[in-house]
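A structural walkthrough
Now for the letters of each chain:
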Amino acid sequence: MPLGVQIRDDAIMNSSQRNETACDQHIKPRSTTRMPHVAATCAQDMSCADATLRRKPSDDSTGNDSMAISTTASARHAEACRKSDQMTDLSLVVCTRNRARSLANCLDHMLDLRSRFKIEALVIDNGSSDNTRDVALAKAKTATFPMRYIFEDRPGVGRAMNTGYVSSQGSIVAFTDDDCYVDSNLCDAIMQGFEDPAIGYMGGRIELFDPTDARITIDERTEIIAYPPNRPIFAGMFHGANLAFRRAALDMINGIDPWFGPGSLVGSGADIDAVARVSRAGWAGLYQPTAVVRHHHGRKLDHLPSLRRQYAIGRGAFNAKSFHESFDIIGLARALRISFLVGREDPRAYYYELVGVARYLKVLQQKRRLARMS
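Read on for an overview of the structure. (Residues numbered from 1 in each chain as written. Predicted model: local features only at pLDDT ≥ 70, side-chain atom pairs only at ≥ 80, totals over all residues. Heavy atoms only, no water.)

1. Some thoughts on the environment of Ala136
Structurally, the position occupied by Ala136 is in helix α4 (residues 132-141). Separated by 13 residues in sequence, Ala136 and Tyr149 place their C-alpha atoms 6.4 Å apart. (Helix = DSSP H or I, 4+ residues; strand = E, 2+ residues; numbered from the N terminus.)

2. Observations concerning the packing of helix α3 (residues 100-110) against α4
Geometrically, a packed helix pair is captured by the angle between its two axes and the distance between the axes. The N-to-C vectors of α3 and α4 enclose an angle of 15 degrees; their axes lie 9 Å apart at closest approach. As far as their axial angle goes, α4 and α3 are roughly parallel. Classified by chirality, the crossing of α4 by α3 is right-handed. Between α3 and α4, the residues in contact are Ala100, Leu103, Ala104, Leu107 and Asp108 and Thr132, Val135, Ala136 and Lys139, respectively. Each residue belonging to the contact of α3 with α4 can be placed in one class, and the counts come to six nonpolar, one polar and two charged. (Axes fitted to C-alpha atoms, helices over the stretch in contact; angles between N-to-C directions. Parallel < 35°, antiparallel > 145°, perpendicular 65-115°, else oblique. Left-handed = near helix turned anticlockwise from the far one by under 90°. Contact = heavy atoms within 4.5 Å. Nonpolar A, V, L, I, M, F, W, Y, C, P; charged D, E, K, R; others polar.)

3. Some remarks on the packing of aromatic side chains
Counted according to the given criterion, the structure contains five aromatic pairs. For the pair Phe175 and Phe245, a centre-to-centre distance of 6.3 Å together with 70 degrees between the ring planes defines the contact as edge-to-face. Residue Phe175 is found in strand β6 (residues 170-177), and its partner Phe245 is found in strand β10 (residues 242-246); the two are separated by 70 residues along the sequence. The class of Phe175 is buried, set by a relative accessible area of 1%. Measuring from centroid to centroid gives 4.8 Å for Tyr181 and Phe209, while their planes differ by 90 degrees, and the two rings are edge-to-face. (Phe/Tyr/Trp six-rings, centres within 6.5 Å; stacked < 30°, edge-to-face > 60°. Buried < 20%, exposed > 50% of the residue type's maximum accessible area, 1.4 Å probe, protein only.)

Quick look at the structure:
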């Protein structure tokens, strides 16, 4: 499922050439040569204020510069802290684009966080043209814990999530949406879920904030659910509005796939794809109902057709990728059964899932092309 970050239509890549130059391979963790292109501002550490980075020219004779991106002040600072005794317990990342008013409400609730652990918050601005930066910096000044603003101009929620992951200092990296209101004890509930060192990913409860909104992108399960390693993961099982990973698990899978999520070629599914790959990497998972956010997404019933189309495309691409990487026949059969049940209610879902499969095949084609060019 996609994050609740809305990307303007004119920012969505819709040609193979733009996707080819905008998306590179997964970020190599703790690298000094392929970090995100960001400008970082930290209210608590002004040494990284307004550090605007530039792309380095590629040695590739083709002129493609997507594989050679300079490190950032924020990423270097985070790396230094992780190597020292300043390691943060939990980093909470919120990705946003041109939704300053929604972000302000989100951060107001985030300021109420209380934790016995060392925490930080990162606001990843995915190319906003409104006053998102001013809102984030104003809220950071009143925070009782470190809150950093980072500008990532390359479009795509998957890429923005990667920027948050690479720039964060926490041993646990949690994500929420800019239209979510976190519970004050969210961080402690997440840390409790990760007490077992075998846990690599964790989802939490997502309640509907406005009862007049459509009952979508929520998860109101009330029981703790454990997921063993290598368990088949299906679209909709977890949501990026309340999702956390152990840093070591994200390191193992080389971060979030930038080809997935709003603003990418696929258009959704960056969150559930990361969960599936962490599971296949041998990590167990957990659903922790005491980790609560309230989703104020504002979507009404007339928004459902377009949202279901987006989800169906993402589901098709995710299923295709999962089978391509795992060759799990049983998992594929279960995923197709879910698709069949969804299609019985809306036959158009079959078509849009096939569109998603086609988009994933296009992703593979472009990845191979980039590999040849590098």
